[in-house]
Amino acid sequence: MRVHTTRRSWGKDANSYSGMHGWARENQSDSPRPSPNETEFDTVPRVAFGSSDSRSVFAMPTIFKRIIDKEVPAKIVHEDELCLAFHDVAPQAPTHVLVIPKKELANLAAAAGEDQALLGHLLLTAKNVAEQLGLTNGYRTVINCGRDGGQSVDHLHIHILGGRALRWPPG
Ligand code: AMP
């Protein structure tokens, strides 16, 4: 099995997000390239879906972990000891905010019984943030989970979308 080094692509200012499913191969001449029948996912030795371990063997933090650690700036609208809420960098509605736990959970599938109170806290925080941002006509909360769910950042997050009428069904 070939093992390739990969890392997340942060963009020039270390605040932007790019790449297919959140990943971009380091563009260095000495970086090994995958063979045509290897996918990007085949070559990334990390555990995400259904695992509480969101870190790869290379221990690269996700962009959200870097926001929690204040290494990457974000437009924060709420912070407490358990979670953080900030504006999405690529908004899909007039208001688009993400609520994330400070605990490193890869996604909803990685949550366990011990996370019950945390999950409740995240939902109530989403409700309070929606009120705080004046979404009086309603809003949508979304949790993408895993590849088929369209998840691109492997750190649990709740999207809050509002400020316009949203269509249904999504995707
Ligand atoms: P998902 O596709 O459900 O994993 O959602 C990830 C979301 O994170 C996307 O809506 C991205 O636009 C958003 N995002 C990625 N990087 C950042 C960042 N640095 N600041 C704010 N939002 C981000």
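Reference entry: report on the structure contained in this document. Remember, predicted model here, so these are calculated numbers, not experimental data.

1. Considering the environment of Val129
(1) Moving on: Here Val129 shows up in helix α2 (residues 116-132).
(2) Moving on: Each C-alpha atom of the pair Val129 and Ala85 lies 7.8 Å from the other, and the pair is 44 residues apart in sequence.
(3) Moving on: With near-sequence residues (within four places) excluded, Val129 lies in contact with Val77, His78, Ala85, Val97 and Ile160.

2. Side note on the sheet that holds strand β5 (residues 158-162)
(1) Moving on: The five strands lie next to each other as β1-β2-β3-β5-β4, forming an open sheet whose pairing is antiparallel. For this open sheet the edge positions go to β1 (76-79) and β4 (139-142), each flanked by a neighbour on one side alone. Between one strand axis and the next, the sheet turns by 15° as a mean value, whatever way the strands run.
(2) Moving on: When β4 meets β5, the two strands line up antiparallel, connected through four bridges. Paired with Val142 across the strands is His159, a residue of β5.
(3) Moving on: Sitting on the sheet, α2 is in contact with β1, β2 (83-87), β3 (95-101), β4 and β5, with an inclination near 155° to β3.

3. Re α2
(1) Moving on: Here α2 is 17 residues long and its end C-alpha atoms lie 24 Å apart, about the 24 Å a rise of 1.5 Å per residue gives.
(2) Moving on: Of all the positions in α2, only Leu118, Leu122, Thr125, Ala126, Val129 and Ala130 are classed as buried. Within α2, the buried residues cover an arc of 135° as seen down the axis, which keeps them to one side. Among the exposed residues of α2, those pointing more than 90 degrees away from its buried face are Gln116, Ala117, Leu123, Leu124 and Glu131.
(3) Moving on: In the core, the buried residues of α2 are packed alongside β1, β2, β3, β4 and β5.
(4) Moving on: Of the residues one or two after α2, Gly134 is the one with positive phi, at around 75°.

4. Thoughts on the site of the ligand
(1) Moving on: Taken together, 18 residues lie around the ligand, and Asp88, Asn144, Ser152, His157 and His159 are the ones closest in.
(2) Moving on: Within the contact set of the ligand, a nitrogen atom lies 3.1 Å away from a backbone nitrogen or oxygen of Val89.
(3) Moving on: Contact between the ligand and His157: an oxygen atom at 2.9 Å from a side-chain N or O atom of the residue.
(4) Moving on: In the complex, 92% of the free accessible area of the ligand, which totals 500 Å², lies under the protein chains.
(5) Moving on: More than half of the atoms of the ligand fall within 2 Å of the grid points belonging to the largest pocket.
(6) Moving on: At the level of elements, α1 (63-68) and β2 are the ones that each hand at least two residues to the shell around the ligand.
(7) Moving on: Considering each element in turn, the shell around the ligand owes the most residues, three residues, to α1.
(8) Moving on: When the residues that make up the shell around the ligand are grouped by side-chain class, the tally is nine nonpolar, eight polar and one charged.

5. Some remarks on the side chain of Asp88
(1) Moving on: The residue Asp88 is located in the loop between β2 and β3 in this model.
(2) Moving on: There is no salt bridge for the buried Asp88, and the closest opposite charge comes from Lys75, which lies 11 Å off by N-O distance.
(3) Moving on: A distance of 2.8 Å separates a polar atom in the side chain of Asp88 from the backbone nitrogen of Ala90.
(4) Moving on: The contact partners of Asp88, leaving out residues within four places of it in the chain, are His96, Val97, Leu98 and His159.

About the thresholds
- Residues numbered from 1 in each chain as written.
- Predicted model: local features only at pLDDT ≥ 70, side-chain atom pairs only at ≥ 80, totals over all residues.
- Heavy atoms only, no water.
- Helix = DSSP H or I, 4+ residues; strand = E, 2+ residues; numbered from the N terminus.
- Contact = heavy atoms within 4.5 Å.
- Pairing = 2+ DSSP bridges.
- Axes fitted to C-alpha atoms, helices over the stretch in contact; angles between N-to-C directions.
- Expected span 1.5 Å × (residues − 1).
- Buried < 20%, exposed > 50% of the residue type's maximum accessible area, 1.4 Å probe, protein only.
- Arc of directions from axis to C-beta.
- Near = heavy atom within 4 Å.
- Polar contact = N/O pair within 3.5 Å; in protein donor to acceptor, adjacent residues only side chain to side chain.
- Areas by Shrake-Rupley, 256 points an atom, 1.4 Å probe, with all protein chains shown as cover.
- 1 Å grid on protein atoms, 1.4 Å probe; cavity = no way out; pocket = protein on both sides within 12 Å on 5 of 7 lines; lining within 4 Å.
- Sits in = over half its atoms within 2 Å of the grid points.
- Nonpolar A, V, L, I, M, F, W, Y, C, P; charged D, E, K, R; others polar.
- Lys, Arg positive; Asp, Glu negative; His and termini not counted.
- Salt bridge = Lys/Arg side-chain N within 4 Å of Asp/Glu carboxyl O.

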